[in-house]
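Fold and contact review
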Amino acid sequence: MRFKENIRRKFIGIQVEKIMEKKLEKRIYDQYVMILKDELVPALGCTEPIAIAYAAAKAREVLGEMPERMEMCCSGNIIKNVKGVTVPNSGGLKGIDVAAVLGVVGGDAARELEVLEDVTEADICRAKKLVQQGFCKCSLQEGVENLYIVAKVYTKEHSAEVTIINRHTLITKIVKDNQIIYEHKISESAVEKGDKSLLNVRDILIFADTLILDDVQEIIHDQIEKNTAISQEGVIHPYGAQIGRTLLDVFGNDVRTRARAKAAAGSDARMGGCSMPVVINSGSGNQGMTVSLPVIEYAKEYEATKEQLYRALVVANLISIHQKKYIGSLSAYCGAVSAACGAGAAITYLRGGTYEEVGLTIINTIGNVGGIVCDGAKSSCAAKIASAVDAAILAHYMAMKHVSFQPGEGIVQEDLEDTIKSMGYIGRVGMKMTDTEILNIMIERVDVAKI
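Read on for an overview of the structure.

Conventions used here
- Residues numbered from 1 in each chain as written.
- Predicted model: local features only at pLDDT ≥ 70, side-chain atom pairs only at ≥ 80, totals over all residues.
- Heavy atoms only, no water.
- Salt bridge = Lys/Arg side-chain N within 4 Å of Asp/Glu carboxyl O.
- Helix = DSSP H or I, 4+ residues; strand = E, 2+ residues; numbered from the N terminus.
- Buried < 20%, exposed > 50% of the residue type's maximum accessible area, 1.4 Å probe, protein only.
- Axes fitted to C-alpha atoms, helices over the stretch in contact; angles between N-to-C directions.
- Parallel < 35°, antiparallel > 145°, perpendicular 65-115°, else oblique.
- Left-handed = near helix turned anticlockwise from the far one by under 90°.
- Contact = heavy atoms within 4.5 Å.
- Nonpolar A, V, L, I, M, F, W, Y, C, P; charged D, E, K, R; others polar.
- Core = buried A, V, L, I, M, F, W, Y, C linked by side-chain atoms within 4.5 Å.
- Pairing = 2+ DSSP bridges.
- Lys, Arg positive; Asp, Glu negative; His and termini not counted.

The next point concerns the pattern of salt bridges. For the structure on display, the rule yields 19 salt bridges. For the salt bridge of Arg 258 with Glu 297, the shortest nitrogen-to-oxygen distance reads 2.8 Å. Note that Arg 258 is positioned in helix H11 (residues 255-271) and Glu 297 in helix H12 (residues 285-301), a separation of 39 residues in sequence. You'll find Arg 258 and Glu 297 in the same group, each marked buried. The closest approach of N and O atoms between Asp 375 and Lys 378, which form a salt bridge, is 2.7 Å.

Remark: H12 packs on helix H16 (residues 381-400), axes separated minimally by 11 Å, with the N-to-C direction vectors making an angle of 45 degrees. Taken together, H12 and H16 sit at an angle that is classed as oblique. The handedness of the crossing between H12 and H16 is right-handed. Residues Asn 286, Thr 290, Pro 294 and Tyr 298 of H12 pack against Cys 381, Ile 385, Val 389, Ile 393 and Tyr 397 of H16. Split into classes, the residues belonging to the contact of H12 with H16 amount to seven nonpolar, two polar and no charged.

Turning our attention to the nonpolar core. One finds Tyr 32, Ile 52, Met 70, Met 72, Phe 207, Leu 318 and Ile 362 to be the most contacted residues of the largest nonpolar core, which totals 136 residues. Per element, the largest residue contribution to this core is 12 residues, and it comes from helix H13 (residues 306-327). The residues contacting Tyr 32, other than those within four sequence positions of it, are Leu 24, Leu 198, Leu 199, Asn 200, Asp 203, Ile 204, Phe 207 and Leu 318. One finds Ile 243, Leu 247, Ala 261 and Ala 382 within the second-largest nonpolar core, a separate group that totals nine residues.

Below, the discussion takes up the sheet that holds strand E2 (residues 69-74). Ordered in space as E3-E2-E4-E5-E6-E7, the six strands form an open sheet in which the pairing is mixed. Each of the sheet's edge strands pairs with one partner strand only, and the pair in question is strand E3 (136-140) and strand E7 (179-183). Direction aside, neighbouring strands of the sheet carry axes that sit 15 degrees apart on average. In this structure, E2 lies alongside strand E4 (residues 148-154), joined through six bridges in antiparallel fashion. In the sheet register, Met 70 faces E4, and the bridge partner there is Val 153. Lying on the sheet, helix H5 (residues 96-106) is in contact with E2, E3 and E4; it crosses E2 at an angle near 130 degrees.

Locating Glu 417 in the fold gives a position in helix H17 (residues 416-430). There is no salt bridge for the buried Glu 417, and the closest opposite charge comes from Lys 325, which lies 6.1 Å off by N-O distance.

So this is what it looks like as structure tokens:
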């Protein structure tokens, strides 16, 4: 029997009961809305090269003229996530210097994560020549935040410098001619952008149940439209490793395959340099697609209403963000896992699942694929997405049967929130050395042949 004929009645009954019993404080409700509005924004291409282009474009804007040379200083995680990915609107080029020079030549800083949207063929040709001439010097900055970018531009008489820390568009300092003209305290960001410390699974579900859809309808609609469009682009055209196309060709068109393939196809296109925008989650387009596209496919399969899909996507996005707040924007922990976990939880919610069943979905996903490492943005991200979504779907079906991994088995704790924290601790602290060694291999500090 289809969704309309049975599960919807269960879903509506549960939601009405919850709304009658519980309601979030207005302060918390408003913070959750603010978090969604801050996190779910459009971005063109992989967010790390785009952040570099944004910093470079802003530095030129501050300088007020075309520089004669420039320098980029980046953290290891930024270098890791730029090295292997195609910069959008670059004619298929890769690299920090390409992203930075393109930002200076044709970028529009006012568009932030869509900074390269209006780049022309003439801009690309000019950027290529400047890169070949050594216009941009790049260096690794150690002992800084995982997300750290400094763009410096120079003429004979003037200079400008822009620093981004912790968030892809968070400019923390602007310097012109060695004088600080703007400075932002990082501690202020949480208050301005929504307090993520308030997130927890129980309140996320209450928020989704009681949400006035008009408060987030525009951003959720944008996520559905943009992420579906780039996914379809990846299905139609042979981008990257063609993970999405391969899944559909080999395994057919059932909902489980579609959920994996559509998310993977979006990543195929994005990592392959497709210039179409995506709506991100936790600063990542790959995570934005992973958290949304599987839920969209399950909503189609079970003939969910628009309202049910929107509420489920709110669950998916917030649960992913909740996990990432413990891990950080960039680490050796693959963000596809936390995003897929959010998608799996949302599928459980969409099908009328209770708080307990949503919690078991999260535990089952983390307990399965929590150890996937991030070795930079590139074509294999699509395969990791497919694997993570597959694990999340398995976790969903286990949870609906009330089957789960038990406390004491690995990192699984008695309390759901403690299990989420334990995985976050591993991603942020436990995998720090892993992150360093991955970078060492990528920039050839380690001679792998001699290991």
